[in-house]
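What follows is the residue order along each chain.
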Amino acid sequence: MKTIIDKDLCIGCGVCEGICPDVFEMNGDIAIVIVDTVPEDLEEDALEAESQCPTDAISHE
Ligand code: SF4
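Each value, and the rule that gives it
- Residues numbered from 1 in each chain as written.
- Predicted model: local features only at pLDDT ≥ 70, side-chain atom pairs only at ≥ 80, totals over all residues.
- Heavy atoms only, no water.
- Near = heavy atom within 4 Å.
- Nonpolar A, V, L, I, M, F, W, Y, C, P; charged D, E, K, R; others polar.
- Pairing = 2+ DSSP bridges.
- Helix = DSSP H or I, 4+ residues; strand = E, 2+ residues; numbered from the N terminus.

1. Notes on the site of the ligand
All residues in the neighbourhood of the ligand are listed as C10, I11, G12, C13, G14, V15, C16, A31, C53, P54, T55 and I58. Taken together, the residues of the shell around the ligand sort by class into nine nonpolar, three polar and no charged.

2. Some remarks on the pairing of strand β2 (residues 24–27)
In terms of strand pairing, β2 meets strand β3 (residues 30–33) through four bridges, oriented antiparallel. Across the sheet, E25 pairs through a bridge with I32, a residue of β3. Hairpin connection from β2 to β3: two residues lie between these consecutive antiparallel strands, with G28 at a positive phi of about 70 degrees.

Here it is as structure tokens:
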């Protein structure tokens, strides 16, 4: 699974990093994805972060 952040929608709240810091990291005012592919054992947490993002900036494929 690949996770993507729409940087135009991210408001830098830090929720995603709080839920899944092995995938998401704050980089200044926005979050970035720090893995190329989300490892299987982190998929659940990454999807949880996606569902908790207040601006729906996170998606996956
Ligand atoms: S939860 Fe969403 S809005 Fe908040 S930092 Fe992460 S991607 Fe940005």
